[in-house]
Amino acid sequence: MKDTLSFLENVIQRFDTLSAEEVKRLFVQVAREYAVSALIIDNLRDGVIALDRENRVLAANKQAAFLLGVGADDRGKDIKGVSLPDFRDALMEALAANENVRRTIRVEREAVPRIIDLEVLSLGQSGVIKGSLIIASDITEAAGKDQEMKRMEYLASLTTLAAGVAHEIKNPLGSLDIHIQLIERLLKRQDQSSKDVKDMRGFISIVKEEISRLEDIVNSFLFSVRKINLDLKPVRAGDLIAETVGFLKYEIERAKIKVDVRLDEGVPVLEADQRYIKQALINVIQNSVDALADSRTRRIDIRVSYDEMHNAVQIRMRDTGAGIAKKDMGKLFEPYFTTKTSGTGLGLTNVYRIIKAHGGEVTVASDEGKYTEVTVSLPVTVAERKLLEDTHLKTQKTEV
């Protein structure tokens, strides 16, 4: 580029001495070089925008139009007026800093959340600042892989910690339970009408509840560290949903929640471990029940469909609860993370482990204050693609 600029300066200085033929030849040469440069810049994976000192657009490539909303047609316009709203604030802040700045921002493109690495550099020539250069890179995929790696590291640390916790707590809990039983036997020999005996029984009941709660926590830790050995058998996704909703029927009815289940036509039979998948689905739906506690509209929509493109059965569970804050979305599958006042924070971690063990995926989408949708995708092998022929597979609608 430096050689090209020097060449052009030299041509301009002796332009008046050039013949028409030389001008034509030089014009063709410059046009070709410009075309090659433009082709390269337009095909970059990064969005590139050049601005003058007044923040007017000098040039922009195709990727800049997609990521940031600023294209070649915006040449001469103020960047503030043409850039997309979710990008504008970060950009203007970076430009106002009058120095090289790098930011990571989250935006939505074509209804898909993206993570953009935004860099603003000084655009200069011969030591003179001429404007600014904006480079925007879509790092969504790389960030996802990095998050996956961190999640695996958390799971590894969880294995060590949980094994130690289980060893230290489980034995004393067993001893406590035995001694509580001994105390209850002694109480049977006492006057049952005595106020002290009645009080003691009340205290013992509370202690037993707390022991049970601690055992549940320990068992949750133990499940998180044990290897998942699958017993794969043919199973219908619709049956899994029906059994899961049936298991939680009492809680759903007590909370006055409406559950709508839809099963699409042509959903293949899965090869899955029914126990584990049900455990994962119970955890997800239980989370929805908890999230709907303070909602005016209490509804859970469950849809089972076949994703032919990815050859997978998808189970979407969407509630009308409080939703999840954007700052928490990246932490949902991390061990110990929870937004509840109680709980171990291992529920979704275990869901993640179960679905991954089946070769599947689990994703979460949410709009705070409106909804949360958890999608479980389970792969279908070639042998499993034979569709069920009974009426169970026909589109149906069930309400609880």
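None of these values were measured; they are calculated from a predicted model.

1. Here we look at the overall build of the protein chain
For step 1, the next point in the chain: A count of helical and extended segments in the protein chain gives eleven helices and 13 strands.
For step 2, the next point in the chain: Residues classed as buried in the protein chain amount to 35% of the 400 residues present.
For step 3, the next point in the chain: Intrachain contacts of the protein chain at a sequence separation of at least 6 include 60% that bridge at least 24 residues.
For step 4, the next point in the chain: When the accessible surface of the protein chain is summed, it comes to about 24700 Å², and 53% of that surface belongs to carbon and sulfur atoms.

2. Some details on the nonpolar core
For step 1, the next point in the chain: Residues I302, I315 and I355 are the most contacted members of the largest nonpolar core, which totals 44 residues.
For step 2, the next point in the chain: Looking at this core element by element, the count peaks at eight residues for helix α10 (residues 274-291).
For step 3, the next point in the chain: Formed by 23 residues, the second largest nonpolar core is a distinct cluster that contains V70, F87, L91 and L95.

3. A closer look at the packing of aromatic side chains
Between two aromatic rings, the relevant description is the distance of the centres plus the angle of the planes.
For step 1, the next point in the chain: Counting across every chain of the model gives zero aromatic pairs.
For step 2, the next point in the chain: Above the plane of the ring of Y276 lies R275, whose end atom (NZ or CZ) is 5.0 Å from the centre.
For step 3, the next point in the chain: Here R318 stacks its cationic end above the ring of Y371, 3.7 Å away from the centre of that ring.

4. Description of α10
For step 1, the next point in the chain: For α10, spanning 18 residues, the distance from its first C-alpha to its last is 26 Å, which sits close to the expected 26 Å at 1.5 Å a residue.
For step 2, the next point in the chain: Residues Y276, I277, A280, L281, I282, V284, I285, Q286, S288 and V289 constitute the buried set of α10.

5. Some points on the packing of α10 against helix α11 (residues 347-357)
For step 1, the next point in the chain: Two elements in contact, α10 and α11, have axes separated by 9 Å at closest approach and are oriented at 145 degrees. The element α10 and its partner α11 pack so that their crossing is left-handed. Along the contact surface, α10 presents Y276, I277, Q279, A280, N283, V284 and N287, while α11 presents G347, L348, V351, I354 and I355.
For step 2, the next point in the chain: Residues belonging to the contact of α10 with α11 are distributed by class as follows: eight nonpolar, four polar and no charged.

6. A few points about the confidence of the model for the protein chain
For step 1, the next point in the chain: Residues at a pLDDT of 70 or more form 78% of the protein chain, whose mean pLDDT is 78.
For step 2, the next point in the chain: The low-confidence segment residues 386-400 (pLDDT under 50) makes 43 contacts with residues lying over four places distant or belonging to another chain.

7. Brief notes about the environment of D301
For step 1, the next point in the chain: Turning to its location among the elements, D301 is positioned in strand β9 (residues 299-307).
For step 2, the next point in the chain: As a C-alpha pair, D301 and V261 span 40 residues in sequence and 6.1 Å in three-dimensional space.
For step 3, the next point in the chain: Other than its neighbours up to four places away in sequence, D301 contacts D260, R316, M317 and R318.
For step 4, the next point in the chain: Within the structure, D301 has its side chain in polar contact with the side chain of R299 (distance 2.9 Å).

Reading the values: the criteria
Residues numbered from 1 in each chain as written. Predicted model: local features only at pLDDT ≥ 70, side-chain atom pairs only at ≥ 80, totals over all residues. Heavy atoms only, no water. Helix = DSSP H or I, 4+ residues; strand = E, 2+ residues; numbered from the N terminus. Buried < 20%, exposed > 50% of the residue type's maximum accessible area, 1.4 Å probe, protein only. Contact = heavy atoms within 4.5 Å. Areas by Shrake-Rupley, 256 points an atom, 1.4 Å probe, with all protein chains shown as cover. Core = buried A, V, L, I, M, F, W, Y, C linked by side-chain atoms within 4.5 Å. Phe/Tyr/Trp six-rings, centres within 6.5 Å; stacked < 30°, edge-to-face > 60°. Lys NZ or Arg CZ within 6 Å of the ring centre and 35° of its normal. Expected span 1.5 Å × (residues − 1). Axes fitted to C-alpha atoms, helices over the stretch in contact; angles between N-to-C directions. Left-handed = near helix turned anticlockwise from the far one by under 90°. Nonpolar A, V, L, I, M, F, W, Y, C, P; charged D, E, K, R; others polar. pLDDT = per-residue confidence, 0-100. Polar contact = N/O pair within 3.5 Å; in protein donor to acceptor, adjacent residues only side chain to side chain.

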